[in-house]
Amino acid sequence: MRHQGHSEAIPSGLTGFLIRIRWLSLLIVAVITVLAASQLPNLQIDNSNETFFRSGDDTKKRLDKFKETFGNDDFVFVLIDVEDAFAAATLQRVGELADRLEFETPHLLEMTWIGNVESIEGVPGGIVIDDLIPNLDLPQSELNKIADRAVADPLYRDRLVSSDRRTAGILLEFENYPELGIDPRKDVPPVIWEIVGDFSDLETHVVGGPIMDYEMDMETAREAPRWMTFALLAMTAMLFLTTRSFTGVLVPALTVILSVVWTMGFVAFIGFTLNIFVILVPTLLLCVGIGDAMHVVAEFRQGLNEGLPRKAALGHTLSLVTWPILLTTITTAAGFLAFLATDLVPLRELGVQAAAGVWIALLLTFMFAVPLLSFGKSRGAASTPKSAKTDIFDSFLGLLTSITLRAPVPLAVLFAVAVGTAVYGFSIVEIESNTIQDLPEDYPMRVAFEYVDEQMGGSMSLEVVAETGTEGGIKNIGVMRDLESLQAFLEQHRFVTQTSSVVDQIKQMHRAVHENKPDYYRLPEKSSQIAEYLLLYESGGGSQLEKYVSFAYDSARIQARTKSLTLAQVRELKVDVNAFVAANIASADIKTTGTLSLMSGIGDLIKVGQRQSFTLAFIAIALIMILTLRSISLGLIAMVPNVLPVLFALGAMGLLGFQLNMIGLVLAPMILGVAVDDTVHFFVRYRRYFDQYGSYETAYRETMRTVGRPLLFTTMVLVLGFMGFTYTIFDGPRNFAISSSIAFVSALMAEFLLAPILLRWLRPLGPERTPNAQAALAAT
């Protein structure tokens, strides 16, 4: 019956309440949106390694102690390609660059290059500690003599000048950064780039921790809007394709956009910084948060198509979807909050913020989408109900239903084969936390790092700290010899390019007091000589000692410079060091820290965090499903379509050669939290129809008829939205998008194909009550 006039009754309950306050609700939404948007300029990005660790983490504690004792381990290395590093004109020009860097780079502790590097030389009556090149205006013949000495000395060769003299290096070392502000290292790269840019006649390569972090922050900031824009456009196109209505596009799209604005405004307001994880939140919310509004719009349009007045259709819609979308919000939020089980700080923040965003999306569904849908005229029943028409989506769902009912055994076998293949793929997945390995081979920063690795010195470092526990213990000849043996072991290791420690300075002093004879470049025989050399070094103006020994001489540091290593190589290096120490070092307690140790620590947290967060998410969601469906067996069956997609995604990573990096850590709990949305809608509706008709087959057919389309559409939107992450230079987000899409598609297929088979075989709802369910359905 067509609705007449404009006096349509307002439904009672939640629908009536939302309609009565719709103007107030929309006003509140507008005010909060303005306030949230005003906070967005305050968002800041911080991808520094230190932000990944909690304050009590052992890896972070070792690094903090190292910095207190020896200072900052951060460095920037500027390499310059030249014809001859010791040519007078070249020295002058490189010297000008070095001076600019020394006086203008913020937070700089020391600048070292071949012109000012410390030289220890014996002279009649004593030693002289001075710059290697005391005067850049020396005649070329004198410079050539210094060059011959430099390239012959391992303390200079391939550290600050290459053996062929065609590459010169400028090393910038930094003081401990101030604790105020967001990642003070961000102050460094722009200044260095500006200075280097003024020397365009020099071919330079700049690497180092601050450079890498800054480049990652800037690239992340550039790509995040692209991800979100692509996701939004893709979802808009898919909404139009699937709904073919202005309302079907506008209401879900605006709802999810507002949820992103509110969430990111909340993030900025409470002072969280953005990182490689949290930067995913806007796109994640676009893809995940749109589901609630889509289900509301789909049911609402179906009610209108069946001739219900607008407000009655809205009331009918909320009676069907309120409980399911509330449950999906709870389960999705539980999936994200499972990240609290990991010790990776940015991932914990992602869990809190994404969970908040999911609840905000639900809130906006009722505060914004429902009031918006209440406006407009009722159109009444059409002569040919639209619900009777079919399209390609209905045909596809009908085909899946038919296949499932006719060929359950072949389908079950197919899923079993897929599970076995996925298990094998998962077994070969590798973990990687080296950011450089995540970049394309031709990316300028990766090219620069690899160039430095090949040409001189290496771009990363492992810090090895020896603690004697005794004041002055480092001056003991036994300790010094143990340090020498450990340094020699590191020097010959295939991953280490060079090392430096207090042993080098003692050897230099020993050689200098013996008339600079090369044979004396070794440790002295007695502890008393070491103490004398250290005193002589400091009184002679030496300035490098504090970098390598503590103030009380109870601990010392060996810096091992390496090429850019993979996580597996870092672990191999640390295992080799620990094995050597266990077999050969007894005079000191040896520990590792620094950049590579941080990378290894992050890798360990990824491995443990993936397992812990997935386990917590599984337990929480399984309990919710069991309580919701009021059946342990039904709840556990419902978890099958949620667990299999995780296995398929991780298996695909292994089979496709993808590495599990920091972004990949989000994968398992996120898939579980998102996939369960479809499960809730499917199983809640399935149970309702089984209670109504008493037949597993009929319950399945009716479930596919009523919620199949929304579930298919939300999955299509998810897949297209996540494809936005493929628009990136990084391997991590691209692999994340592909693996997630595989998971979402497999989750839907498991929901549509496998779950009905398990339900018919296992009969968790009891025996069928109606011999001829189709007749019962027709009778209704």
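The residue numbering used here restarts from 1 in each chain and proceeds along that chain's sequence as written. Whole-chain, interface and lining totals are the exception, using all residues; otherwise, since this is a predicted model, local features are given only for residues with pLDDT of at least 70 and side-chain atom pairs are given and counted only at 80 or more. To obtain the side-chain values, all non-hydrogen atoms of the structure were used and water was disregarded.

1. Some points on the sheet that holds strand E9 (residues 496-500)
- Strand pairing requires that DSSP identify at least two bridges connecting the strands. Each helix is a run of DSSP H or I of at least 4 residues and each strand a run of E of at least 2, with the numbering of both proceeding from the N terminus. The strand order across the open sheet built from four strands is E9-E10-E8-E11, with neighbouring strands paired in antiparallel fashion. Among the strands making up the open sheet, the edge pair consists of E9 and strand E11 (589-593). Across this sheet, the average inter-strand angle for adjacent strands is 25 degrees, counted without regard to direction.
- For strand E8 (residues 460-467) and E11, the ladder comprises five bridges, and the chain directions are antiparallel. The convention used is that axes are lines fitted to C-alpha atoms, helices contributing only their stretch in contact, and that angles between N-to-C directions extend from 0 to 180 degrees.

2. Quick notes on the packing of helix H19 (residues 595-629) against helix H20 (residues 632-656)
- Where H19 contacts H20, the two axes come as close as 8 Å, and the packing angle between them is 150 degrees. Between H19 and H20, the crossing angle belongs to the class labelled roughly antiparallel. With respect to the hand of their crossing, H19 and H20 are arranged in right-handed fashion. Each of Gln610, Phe614, Phe618, Ile621, Ala622, Met625, Ile626 and Leu629 in H19 lies in contact with H20, whose residues at this interface are Ile632, Leu634, Gly635, Leu636, Ala638, Met639, Val643, Val646 and Leu650.
- Polar here means any residue outside two lists: the nonpolar Ala, Val, Leu, Ile, Met, Phe, Trp, Tyr, Cys and Pro, and the charged Asp, Glu, Lys and Arg; Gly therefore counts as polar. In the contact of H19 with H20, the residues fall into 15 nonpolar, two polar and no charged. These descriptions rest on fixed angle ranges, namely under 35 degrees for roughly parallel, over 145 for roughly antiparallel, 65 to 115 for roughly perpendicular, and the rest for oblique. Handedness of a crossing follows from how the near helix is turned relative to the far one, being left-handed for an anticlockwise turn of less than a right angle and right-handed for a clockwise one. Residue contacts are defined here by distance: any two heavy atoms, one from each residue, within 4.5 Å place the two residues in contact.

3. What to know about the confidence of the model for the protein chain
- Residue-level confidence of the predictor is what pLDDT reports, using numbers from 0 through 100. A residue-level look at the protein chain finds 93% of positions with pLDDT of 70 or above and a mean pLDDT of 86.
- For the protein chain, the element scoring lowest by mean pLDDT is helix H24 (residues 773-779), at 49; helix H4 (residues 88-104) scores highest, at 96.
- Contacts of residues 1-6 to residues separated by more than four positions or lying in other chains number eight contacts, the stretch itself having pLDDT below 50.
- Under a pLDDT of 50 for its full length, residues 381-388 has, in the predicted model, eight contacts with residues more than four places off or in other chains.

4. Digging into the sheet that holds strand E6 (residues 203-208)
- One open sheet holds the four strands; their spatial order is E2-E5-E1-E6, and the pairing between them is antiparallel. The open sheet is flanked by strand E2 (108-113) and E6, the only strands paired with a single partner. Between one strand axis and the next, the sheet turns by 15 degrees as a mean value, whatever way the strands run.
- As defined by bridge partners, E2 adjoins strand E5 (residues 167-174) across five bridges and the pair is classed as antiparallel. When the sheet's bridge partners are listed, Met111 is paired in E5 with Leu172.
- Strands strand E1 (75-81), E5 and E6 of the sheet are contacted by helix H6 (residues 188-197), whose axis makes an angle of about 170 degrees with E6.
- In the packing of helix H7 (residues 209-243) onto the sheet, contacts are made with E1, E5 and E6, and the angle to E6 comes to roughly 85 degrees.

5. Details of the side chain of Thr703
- With respect to the secondary-structure elements, Thr703 resides in helix H22 (residues 696-722).
- Only protein chains enter the accessibility calculation, which uses a 1.4 Å probe. A residue is then buried if its area is under 20% of the maximum for its type, exposed if over 50%, and partly exposed in between. You can call Thr703 buried: its relative accessible area is 0%.
- Any N or O atom pair separated by 3.5 Å or less is treated as a polar contact, with the protein-specific requirement of one donor-capable and one acceptor-capable atom, and with residues adjacent in sequence counted only for side-chain atom pairs. For Thr703, the side chain forms a polar contact with the main-chain nitrogen of Tyr686, separated by 3.4 Å.
- Ignoring anything within four residues of it in the chain, the contact list for Thr703 reads Phe682, Arg685, Tyr686, Tyr689 and Gly708.

6. Examining unusual backbone geometry
- If you check the backbone angles, Arg165 has positive phi at about 65 degrees while not being a glycine.
- Following the sequence through the fold, Arg165 ends up in the loop between helix H5 (140-152) and E5.
- The phi dihedral of Arg630 is positive, around 55 degrees, even though this residue is not glycine.
- Relative to the helices and strands, Arg630 is located in the loop between H19 and H20.

7. Description of the environment of Ala234
- Counting through the fold element by element, Ala234 comes out in helix H7.
- According to the relative accessible area criterion, Ala234 is buried, its value standing at 11%.
- Sequence spacing of Ala234 and Gly724 is 490 residues, and the spatial spacing of their C-alpha atoms is 8.3 Å.

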